[in-house]
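# A look at the structure
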Amino acid sequence: MNIPFSPPFIDQAVIDEVLDCLRANWITSGPKVKALEYELLNLTGTKAAICVNSWTSGAIMLLKWFGVGDGDEVILPAYSYCATALCVLHCGATPVMVDILDDFTIDPVLVTNKITDKTKAIIGVDIAGLPCNYNELRKIVNDPLVKQLFNPVTAKQLELGRILLISDAAHSIGATYDGLPAAQMCDATIFSFHAVKNITTAEGGCICLNLPAPLDNQEEYSFLKLYSLNGQNKDAFAKSKGANWRYDILFKGFKMNMPDICAAIGLAQIRQYNKTLLPQRKRIYQKYCEAFKSYDWFIEPTMKDDSREASYHLFPLRIKGISEVQRDQIIEGLVHWDINVNVHFIPMPMLTYFKSIGYAIEDYPNSYKQYACEISLPIYPQLLDIEIDFIVECVIDAVQQVRVVNNLVKVLL
């Protein structure tokens, strides 16, 4: 059987929502986007939600809104997809990378050590859907000594009066922290709705705001909506109503809005997410753990602890005691059986561009350690039990084969 890694969830409800959009004869930003933003507010309990055309766009826009620019620093983990750092670089600032904990999340102690008077933001990354230790990160940004070190240079920075705490929640929609939606733990949470995510709009993202006073979340929502549309004071939908063609450009904005045709896909999915789609992911996670738990090489992913529960976006299988080369051999075995897997992620300091600007993986030993033994297995609502059983059987066989070869080599040496 051929098992894909992460196909989008497309059922009749999704098809009907998209057809409704097409029949309405309105496909760019309009009522479907507004409806999706409303659903996101209900899901997250945050104070404002601004849909955009990608996670990366949302991150660039948010950092620009806060005034992050030349000479500034943003602290983030070395273990993430490249967009987490590229958004900082596109603002002219410097990504300050730190290592991770064994659960893949950013190490708060290392974050503290990297704070300077240039630090304007911290981006935590919820790998596989597990929230970072946001209680610790919030303590850091609110520490009186850290606040005293903060050097505000824009109006928004003056209003906040401290380092901005951002969640890269590309993986973690639906995750919880202390029994609440994890999106409530940060000043801003940015979701991705890329095709492989738990909820997709084909391409897209959303900034959810949870800003403290004196910042006004509704005022910032209105600004960011305009910011995503070239700073134009009327969107195309508003302009289409009667003799309403006249518009103005209020400031230098971006073109980062989400269209209705994309929002329609996500709208149909989010309405069944907590009742159907998320529980199915959790069920598959539990089946994998049950199947692998008796093997001494299995490192169970942290998906739930006393305060956090993940969104089960990935099943990051880690295999104890193997090298990067052996991990790749296991992947080759799975691909031979037509099982499509992935690795999340290649740490950024291993990538050509980041090496060229001075980052080195030797400075992030735990990021490399976790990467070298990780294989992301398929986990999505459409995955059948017979397919899960086949994946498990093939993983066990592939690991055993590599271990046997490894032991033979040791004997020969």
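Described in the following lines is the structure provided in the data block. (Residues numbered from 1 in each chain as written. Predicted model: local features only at pLDDT ≥ 70, side-chain atom pairs only at ≥ 80, totals over all residues. Heavy atoms only, no water.)

## A look at the packing of aromatic side chains
Using the following cut-off: Pairing of aromatic rings covers Phe, Tyr and Trp, the last counted by its six-membered ring, and requires centre-to-centre distances within 6.5 Å; plane angles under 30 degrees mean stacked, over 60 mean edge-to-face, and any other angle means tilted. Note on conventions: DSSP H or I runs of at least 4 residues are helices, E runs of at least 2 residues are strands, and numbering of each starts at the N terminus. A positively charged side chain is recorded as over a ring if its NZ (Lys) or CZ (Arg) lies within 6 Å of the ring centre. The angle to the ring normal must also be within 35 degrees.
Per the stated rule, a full pass over the model turns up 19 aromatic pairs. Where F223 meets F251, the ring centres are 4.6 Å apart and the plane angle is 25 degrees; that geometry is what we call stacked. Separated by 28 residues along the polypeptide, F223 in helix α9 (residues 217–227) and F251 in the loop between α10 (236–239) and α11 (260–270) bring together distant segments of the chain. What links up through ring pairs into an aromatic cluster is the set Y285, Y288, F292, Y295, W297, F298, Y312 and F315. Across the ring face of Y371, the terminal group of R327 is positioned such that the distance to the ring centre comes to 4.6 Å.

## What about the layout of surface pockets?
Note the threshold: Put simply, the grid is 1 Å and covers the protein atoms alone, a cavity is a trapped set of points that fit a 1.4 Å probe, a pocket is an open set with protein on both sides within 12 Å along at least five of seven lines, and lining residues have an atom within 4 Å of a point. Grid points are joined across faces, edges and corners, and a volume is the space filled by probe spheres set on the points. Charged residues are taken to be Asp, Glu, Lys and Arg, nonpolar residues to be Ala, Val, Leu, Ile, Met, Phe, Trp, Tyr, Cys and Pro, and polar residues to be all remaining types, Gly included.
In this structure, the largest pocket spans a volume of roughly 480 Å³. Along the wall of the largest pocket there are 24 residues; nearest its centre are Y81, S192, H194, K197 and F345. Taken together, the elements giving at least two residues each to the lining of the largest pocket come down to α3 (55–66) and α4 (83–90). Approximately 240 Å³ is the volume attributed to the second largest pocket. When contributions to the lining of the second largest pocket are tallied by element, the ones reaching two or more residues are α2 (31–44) and α9. Looking at the lining of the second largest pocket residue by residue, the class counts come to four nonpolar, six polar and four charged.

## Remarks on empty space enclosed by the protein
All chains considered together, the criterion is met by three cavities of 30 Å³ or more. Here the largest cavity defines a volume of roughly 50 Å³. Lining of the largest cavity is provided by P7, P8, F9, K197, N198, I199, T200, Q269, R281, Y380, P381 and Q382. Residues belonging to the lining of the largest cavity are distributed by class as follows: six nonpolar, four polar and two charged.

## Some points on the pairing of strand β4 (residues 119–125)
Short version of the rule: Buried, partly exposed and exposed residues are distinguished by accessible area as a fraction of the type maximum, computed with a 1.4 Å probe on protein chains only: under 20%, between the cut-offs, and over 50%, respectively. Two strands make a pair as long as DSSP finds a minimum of two bridges between them.
With seven of seven residues buried, β4 lies mostly within the body of the structure. When strand β2 (residues 73–77) meets β4, the two strands line up parallel, connected through three bridges. Paired with V74 across the strands is A121, a residue of β4. Examined bridge by bridge, β4 and strand β5 (residues 164–168) share five bridges and lie parallel to one another. Looking at the pairing, I123 lines up with I166 of β5.

## Some points on helix α12 (residues 273–292)
Note the following rule: One less than the residue count of a helix, multiplied by 1.5 Å, gives the span that helix is expected to have. The quantity called bend is, for any residue, the angle between two axes fitted respectively to the seven residues ending at it and the seven beginning at it.
The first and last C-alpha atoms of α12 sit 27 Å apart over 20 residues, in line with the 28 Å expected at 1.5 Å per residue. If you look at α12, its biggest bend is around 25 degrees, right at P279. By the burial criterion, the buried members of α12 are Y273, L277, L278, R281, I284, Y285, Y288, C289 and F292.

## Digging into the nonpolar core
In plain terms, the rule: Note on terminology: a nonpolar core comprises buried Ala, Val, Leu, Ile, Met, Phe, Trp, Tyr and Cys residues joined through side-chain atoms within 4.5 Å. The contact criterion used throughout is that any non-hydrogen atoms of two residues lie within 4.5 Å.
Residues Y288, F292, F315 and L377 are the most contacted members of the largest nonpolar core, which totals 71 residues. Broken down by element, the residue count for this core peaks at nine residues, all from helix α16 (residues 385–412). Those residues within four positions of F315 in sequence are excluded, and the remaining contacts are Y285, Y288, C289, F292, F298, P301, I375, S376, L377 and I379.

## Quick look at the sheet that holds strand β11 (residues 308–309)
The antiparallel open sheet is built from three strands, whose spatial order is β7-β6-β11. Of all strands in the sheet, those with a lone pairing partner are β7 (180–181) and β11, marking the two edges. Where strand β6 (residues 176–177) meets β7, two bridges bridge the pair, whose relative direction is antiparallel. What sits directly across from Y177, in β7, is L180.

## Details of the sheet that holds β2
Short version of the rule: Angles shown run from 0 to 180 degrees and are taken between the N-to-C directions of axes, each axis being a line fitted to C-alpha atoms and, for helices, limited to the stretch in contact.
The sheet built from seven strands is open, its strands ordered β1-β9-β8-β5-β4-β2-β3 with mixed pairing. Pairing within the sheet leaves two strands with one partner each, and these edge strands are β1 (48–52) and β3 (94–98). Adjacent strand axes in the sheet meet at a mean angle of 20 degrees when their direction is disregarded. Pairing of strand β8 (residues 188–192) with strand β9 (residues 205–209) involves five bridges; the strand directions are antiparallel.

## So, the pattern of salt bridges
Opposite charge on two side chains permits pairing when their charged atoms draw close. What counts, and what does not: Whenever Lys or Arg places a side-chain nitrogen within 4 Å of a carboxyl oxygen from Asp or Glu, that contact is recorded as a salt bridge.
A complete count under the given rule lists 18 salt bridges for this structure. The shortest N-O distance in the salt bridge between E37 and K225 comes to 2.8 Å. Of this pair, E37 sits in helix α2 while K225 is found in helix α9, placing the two residues 188 residues apart along the sequence. Overall, E37 belongs to the buried group, its relative accessible area being 4%. A single salt-bridge network, built from bridges that share partners, covers E17, D20, K32, E39 and R271.

## Here's the deal with α3
For clarity, the threshold we go by: Polar contact is the term for a pair of N or O atoms within 3.5 Å; when the atoms are in protein, one must be able to donate a hydrogen and the other to accept it, and sequence-neighboring residues count only if both atoms are side-chain atoms.
Taking 1.5 Å as the rise per residue, α3 with twelve residues should run 16 Å; its terminal C-alpha atoms sit 17 Å apart, in good agreement. For α3, the complete set of buried residues consists of W55, S57, G58, A59, I60, M61, L62, L63, W65 and F66. The backbone nitrogen of T56 lies 3.4 Å from a side-chain oxygen of the residue at the head of α3, namely S54. Directly after α3, the chain includes G67, whose backbone phi takes a positive value near 90 degrees.

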